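# Overview (structure and organization)
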Amino acid sequence: MRHIRTRMGVIGAALLTAAPLALTAPSATAASPATATARQPAAAPTVEEQRLSQRVPQEILRRSGFAGVAGTFAGGLARVDSYGAAKRYVTEAGRGLWRRAVDRVQGRGPQGGDLSRDDDRPLYWARLGMTKALREWQPDFRLTANQRETLMGALERGSRGQDSIGLPGGGHGKHRVLRVVVTGFDPFQLDADARRSNPSGAAALALDGTTVRTSSGRLARVETAVFPVRWADFAAGTVERTLLPYFRRGPERVDLFTTISQGRPGRFDLERTNGAWRGGYPDNARESRTETVPVPKGVPTVRPQPQWTTTTLPYARLASASTGPFPVRDNTAVTEIPAGGSSPVERPDGPTPGSTARAGGGGDYLSNEIGYRATLLRDALKLKVPGGHLHTPVLQFGAGNTDPKTGEVTDPDFVRNRTTITGQVRNILTAALSVAPGIMEK
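Just so it is clear, the model here is predicted, and its values are computed rather than measured. (Residues numbered from 1 in each chain as written. Predicted model: local features only at pLDDT ≥ 70, side-chain atom pairs only at ≥ 80, totals over all residues. Heavy atoms only, no water.)

On to the pairing of strand E13 (residues 334-337). The side-chain alternation of E13 yields two buried faces, one formed by Val334 and Glu336 and the other by Thr335 and Ile337. The pairing of E13 with strand E14 (residues 345-347) spans 3 bridges and is classified as antiparallel. Within E14, the position partnered with Thr335 by the bridge is Glu346. Sheet topology note: the E13/strand E15 (residues 356-359) ladder contains 3 bridges and is antiparallel. When the sheet's bridge partners are listed, Thr335 is paired in E15 with Ala359. (Buried < 20%, exposed > 50% of the residue type's maximum accessible area, 1.4 Å probe, protein only. Helix = DSSP H or I, 4+ residues; strand = E, 2+ residues; numbered from the N terminus. Pairing = 2+ DSSP bridges.)

Quick look at the pattern of salt bridges now. Overall, the coordinates contain 34 salt bridges when judged by the stated rule. Note that Glu156 is salt-bridged to Arg230, the shortest N-O span being 3.2 Å. With a gap of 74 residues between them, Glu156 in helix H6 (residues 145-159) and Arg230 in the loop between strand E5 (219-227) and helix H8 (231-235) connect regions that are remote in the sequence. Using a relative accessible area of 12% as the deciding quantity, one classes Arg230 as buried. With a closest N to O distance of 2.9 Å, Arg176 and Asp255 form a salt bridge. Note that Arg176 is positioned in the loop between H6 and strand E3 (178-185) and Asp255 in the loop between helix H9 (238-247) and strand E6 (256-262), a separation of 79 residues in sequence. For Arg176, a relative accessible area of 10% gives the class buried. (Salt bridge = Lys/Arg side-chain N within 4 Å of Asp/Glu carboxyl O.)

This paragraph deals with the environment of Arg426. Examined against the element boundaries, Arg426 turns out to sit in helix H12 (residues 412-435). Judged by relative accessible area, which is 29%, Arg426 ranks as partly exposed. A sequence separation of 222 residues divides Arg426 from Ala204, and the C-alpha atoms of the two residues are 9.8 Å apart.

By themselves, these are just geometric observations and shouldn't be taken as functional.
Written as structure tokens, this is what we have:
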């Protein structure tokens, strides 16, 4: 997920990830009396919600058993009689969608159709059906615009796993369960092909709540979340809000974290350096941002804002480890404006002193940005753990199924590619826990 530059030029468009709302949700107000109020005009659907009516999203929802999610949610909303009740209902409905998606991917409960269980797309499209229903909802009590936005934030956070991360506390020494946070992204570039899936999101669903064992026998609990591919949500602090409780000192502080997104064809990349620059490629809302990465108010940060942050994942040892069929590369390239210069220069070996960022190793899109934000927060809190960004290979359809106008929503190669990528993500994570300096002494 990102705008990736190579010697051959720009590879496709941005391969990325993103998430929801403000860092601090507005406080709940007292419920208004259920008095008759004038109906407000229905809010227009967002760009993402407008894609729901297309053939592909409808087929994905139908073939996964998620087609009725939005209707059930809207029916529940119609029975809510106060803002307080609405907040409770919406919060639980969002969390319920996340649990349902995780359970489907991990093989629990009904498959719901013939779409393979490993698929991340039902979650994405079902969430949009729910946000559309919430946007159009006209309750019989007064609901302010701020209250509706608060409800939308609760739905976004809950349905992305952002408010249900549950890392184990307690324990001592080598008997303590290690704590790991992993993040993925929504599908993106959907105007070009609405069939697209994001292997980082699929990996997040497959890993959430699971336990992995290191080479020495230590257990590690993995908790995950996914983010939207939207510039505005990142500027509002969705990344920092989600990660901050687990980066601060306390019983749930992480031992390792990695943000993940889709990257280059045929390879994994451990991005050595992240840059403080947004390159402007359109997001899922068709919005562009070209600017220095904005740091939200009210969160710990480093001042002055650095142009670059660096991974603390054990990149050299991971690049040489046997984790699966795809090569894992230690990617050191960046694009910078050198100190005293005015034009961007590609640097294969990382930034030079005093330079201004124009692209990190992960490009200048939201995948680079999530890596920058997570590692900047790590540095601000003086968190001494392995952490950084991992790019997966591009998820590709089979050779005879490449035309988005006539192609099928899935095929055996597509499923095999996604499950292979997910399996190697798990192996890379296990290897990182096994070889990272300091992990075993904790």
